[in-house]
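Summary of structural features
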Amino acid sequence: MNGVEWRNWAGNQSARPQESVSPKTVEEVRRTVFHAGETGLRVKCVGAGHSFTSIAVTDGILVDLDRLQGIESVVPMPDGSASVTVFAGTRLRALTAWLWDLGLAMTNLGDIDEQSIAGAISTGTHGTGRRFGGIATQVQALEMVTADGSVVTCSRDSEPDMFDAARVGLGALGIITKVTLRCEPAFALHAVEAPSTLTGTLSSLPDVVEQTDHFEFYWFPHTDRVLTKTNTRLPADSPLAPLGRVRAFLDDELLANRAFEIVNRAVTRFPAAIPRVNAFSSRALSAREFTDRSYRVFASSRTVRFREMEYAVPAESITYVVREVDRWLQSSGFAVAFPVEVRFAAADDIWLSTANGRDSAYIAVHQYHRREHREYFDAVEKIARSVGGRPHWGKLHSQTANDFAEMYERFGDFVAMRDKLDPGGMFGNEYLAAALHVSRNA
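A brief structural summary. (Residues numbered from 1 in each chain as written. Predicted model: local features only at pLDDT ≥ 70, side-chain atom pairs only at ≥ 80, totals over all residues. Heavy atoms only, no water.)

Observations regarding the packing of aromatic side chains
Put simply, the test is: Two rings belonging to Phe, Tyr or Trp (six-membered ring only in the last case) form a pair when the distance between their centres is within 6.5 Å. Interplanar angles under 30 degrees mark stacking, angles over 60 mark edge-to-face geometry, and anything in between is tilted. Every helix listed is a DSSP run of H or I at least four residues long, and every strand listed is a run of E at least two residues long, numbered separately from the N terminus. Accessibility here uses a 1.4 Å probe with only protein chains present; expressed as a share of the type maximum, an area under 20% marks a residue as buried, one over 50% as exposed, and anything in between as partly exposed. To sit over a ring, a charge needs its Lys NZ or Arg CZ within 6 Å of the ring centre and within 35 degrees of the ring normal.
In total, this model carries 14 aromatic pairs according to the counting rule given. An angle of 80° between the planes, with centres 6.3 Å apart, marks the rings of Phe-187 and Phe-298 as edge-to-face. With Phe-187 in strand E12 (residues 187-197) and Phe-298 in helix H9 (residues 294-298), this residue pair connects regions lying 111 residues apart in the sequence. As far as the burial class goes, Phe-187 and Phe-298 line up, both buried. Taking the centre distance of 4.4 Å and the plane angle of 40° together, the rings of Trp-393 and Phe-404 count as tilted. Taken together, the positions of Trp-393 in the loop between strand E19 (390-391) and helix H12 (401-407) and Phe-404 in helix H12 put the pair eleven residues apart, joining distant regions of the chain. For Trp-393, a relative accessible area of 1% corresponds to the buried category. Taking relative accessible area as the criterion, Phe-404 reaches 0% and is therefore assigned buried. Among the aromatic residues, those joined into a ring-pair cluster are Trp-9, Phe-52, Phe-306 and Phe-338. Stacked on the ring of Phe-334, the Lys or Arg Arg-371 has its end atom at 5.8 Å from the ring centre.

Shown next, in the form of structure tokens:
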């Protein structure tokens, strides 16, 4: 079919491709790739459109994998875990519910679950927890359609270099059609959410992160107030005590989404009021405690539109980074209504993972979509880069290939793999050209 305008979730990226297709089989994906080769069109996949960058934008063929969904196979292991092969367009929200019915769970998740599994791993989506890596670390094998129409499966045992590149592959190596995940026995999470101070949280941070399964906090700029979230893993047969419907609606829908939208619209017109609004909002927070299925605790609903930038920094530097952001906000007079999110992840060995080779802390900054974000994001980016920070591939940043070549030891190997699998640039676009093409004159 002829392409129609596509926009991402945030509304800051759009594309008008020549063609849009929605394959429902791997063979239909292969035919799309052959067609692109015959016509000279470039190809990009989209999932839920939750990337803030232009990583999925194309003027050629836009491939929507929403019809390539479902669990293909489950192979149980003696320890109660299982290898689960799913089609690439499967959304995390559906997958995690299906896994629970099978007595299984993903080890970790991000704070939203709208993404497709292929999109989540391709951009390095992660959750939080010092002992746990990003979603891509749960991948055991990938099936991909490459530029010549071949269907290739890679794993640690078969095509290991391709595997280490493709787990966070940026959509540059081919179209992922199936993902095999190591899923563990289902588990519950005991969640404790509590207001605290930034000063106290940062002073105890190393011990708390070390002793807690999944810890994160949200800092309200222009205040010393934070909301901490502590999630403790429990067996799946533990008694569940989820939030009641009324409390969940009041907290998560009415306050976190509807009221927050109204507040952001108001302070967009009167930004000078933001520090007072943040002070009031942070002090109005109340603690809450509940136990539920892991996937229901990990993820939450987000309906307020925003722009986001996120940097992975060495875990030991996060206190310095947060304090420097606070100092910049105080000195610049720039007002920010959105909380700053801080999370943690274990080191991994994936070539372009933001946690490659080091335990990492993530600092995510947001700005309401109707307000200008550049000055704020530029300042935070400069601070994060000063300690060797790496930007999230699906969130806004200003880094290019020459920067990435310094950040990632295997960057050159990744580019070589891309050149081998896609020598004609079928899966390229402007974003990947900037991210992967090193200027020798720089």
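Here we look at the pattern of salt bridges
Side-chain pairs of opposite charge can arise where the charged atoms are in close proximity. To keep things clear, this is the line we draw: A pair is scored as a salt bridge if a Lys or Arg side-chain nitrogen falls within 4 Å of a carboxyl oxygen belonging to Asp or Glu.
Enumeration over the complete set of coordinates arrives at 28 salt bridges. Between Glu-310 and Arg-343 there is a salt bridge whose closest N-O contact spans 3.0 Å. Taken together, the positions of Glu-310 in strand E16 (residues 306-314) and Arg-343 in strand E17 (residues 340-345) put the pair 33 residues apart, joining distant regions of the chain. Each member of the pair Glu-310 and Arg-343 is classed as buried. It is possible to trace a salt-bridge network through shared partners that takes in Glu-308, Glu-310, Glu-341, Arg-343 and Lys-395.

Side note on the sheet that holds strand E4 (residues 43-46)
By definition, the strands of a sheet pair up through backbone hydrogen bonds, in either a parallel or an antiparallel sense. Applied cut-off: By the convention used here, strands pair only if DSSP detects at least 2 bridges between them. All axes are obtained by fitting lines to C-alpha atoms, using only the stretch in contact for helices, and the reported angles, taken between N-to-C directions, cover 0 to 180 degrees. Contacts: residue pairs with any heavy atoms within 4.5 Å of one another.
What the three strands build is an open sheet, ordered E3-E5-E4; its pairing is parallel. Lying at the two open borders of the sheet, with one neighbouring strand each, are strand E3 (19-21) and E4. Between one strand axis and the next, the sheet turns by 25° as a mean value, whatever way the strands run. Direction of pairing for E4 relative to strand E5 (residues 61-64): parallel, over a ladder of four bridges. By the bridge assignment for E5, Cys-45 is matched with Val-63. Each of E3, E4 and E5 touches helix H1 (residues 26-39); the most contacted strand, E5, lies at about 175° to it.

What to know about unusual backbone geometry
Negative phi is the rule for most residues except glycine; trans is the rule for most peptide bonds. One non-glycine residue, Leu-170, lies in positive phi territory at about 60°. On the basis of relative accessible area, Leu-170 is assigned to the buried category, the value being 2%. One non-glycine residue, His-222, adopts positive backbone phi at about 75°. Here His-222 is to be found in the loop between strand E13 (214-219) and strand E14 (225-235). Taking the relative accessible area as the measure of exposure, His-222 reaches 26% and is therefore partly exposed.

What to know about the side chain of Ser-83
Put simply, the rule is: Distance and chemistry together define a polar contact, namely a pair of N or O atoms within 3.5 Å, with one atom able to donate a hydrogen and the other to accept it when in protein, and with adjacent residues in sequence counting only for side-chain atoms on both sides.
Topologically, Ser-83 is positioned in strand E7 (residues 82-87). Looking at Ser-83, its side chain comes within polar contact range of the side chain of Gln-140, at 2.5 Å. The contact partners of Ser-83, leaving out residues within four places of it in the chain, are Ser-73, Val-74, Val-75, Met-77, Gln-140, Thr-180 and Leu-181.

A word on the packing of helix H10 (residues 318-332) against helix H11 (residues 374-385)
Here is the rule: We call a crossing left-handed when the near helix sits turned anticlockwise from the far one by less than a right angle, and right-handed when that turn is clockwise.
Where H10 meets H11, the closest approach of the two axes is 10 Å, and the angle between their N-to-C directions is 145°. The two elements H10 and H11 meet at a crossing, and its hand is right-handed. Where H10 approaches H11, its residues Val-321, Glu-324, Val-325, Trp-328 and Leu-329 are matched on the opposing element by Glu-375, Tyr-376, Ala-379, Val-380 and Ile-383.

Description of the environment of Arg-343
A residue is classified by how much of its surface remains accessible, and Arg-343, at 3% relative accessible area, is buried. As a C-alpha pair, Arg-343 and Phe-215 span 128 residues in sequence and 6.9 Å in three-dimensional space. Apart from residues no more than four positions distant in its own chain, Arg-343 is found in contact with Gly-110, Asp-111, His-126, Gly-127, Thr-128, Phe-215, Glu-216, Glu-310, Ser-360, Ala-361, Tyr-362 and Lys-395. A polar side-chain atom of Arg-343 sits 3.0 Å from a polar atom in the side chain of Glu-310.

Some remarks on the pairing of E17
Residues in a regular strand project their side chains so that they alternate between the two faces of the sheet. For E17, the tally of buried residues reaches six of six residues, placing the bulk of the element in the interior. Side chains Val-340, Val-342 and Phe-344 of E17 all project onto a buried face; the interleaved residues Glu-341, Arg-343 and Ala-345 project onto the opposite face, where all are buried too. Both E13 and E17 contribute to a ladder of three bridges, which runs antiparallel. Residue Phe-217 lies in a different strand from E17, and its bridge partner there is Val-342.

Description of the state of the cysteines
Defined as follows: In this description, a disulfide is simply a cysteine sulfur pair whose atoms lie within 2.5 Å.
Enumeration according to the criterion identifies zero disulfides in this entry. The closest cysteine sulfur to the non-disulfide-bonded Cys-45 is located on Cys-154, 15 Å from its own sulfur. According to the relative accessible area criterion, Cys-45 is partly exposed, its value standing at 24%.

Observations regarding helix H8 (residues 274-284)
As a reminder of what qualifies: Our arc is simply the arc of the directions from the helix axis toward the C-beta atoms.
What H8 keeps buried is the set Ile-274, Asn-278 and Ser-282. Buried residues of H8, seen end-on, are gathered within an arc of 65° and therefore sit on one face of the element. Exposed and oriented more than 90 degrees from the buried face of H8 are Arg-276, Phe-280, Arg-283 and Ala-284.

Description of the sheet that holds E16
Strands sit in the order E15-E12-E14-E13-E17-E18-E16-E19 across an open sheet of eight strands; the sheet is antiparallel. Either end of the sheet is taken by a strand with one partner, and the two such strands are strand E15 (288-293) and E19. Examined bridge by bridge, E16 and strand E18 (residues 360-368) share nine bridges and lie antiparallel to one another. Residue pairing across strands places Glu-308 opposite His-366, the latter belonging to E18.

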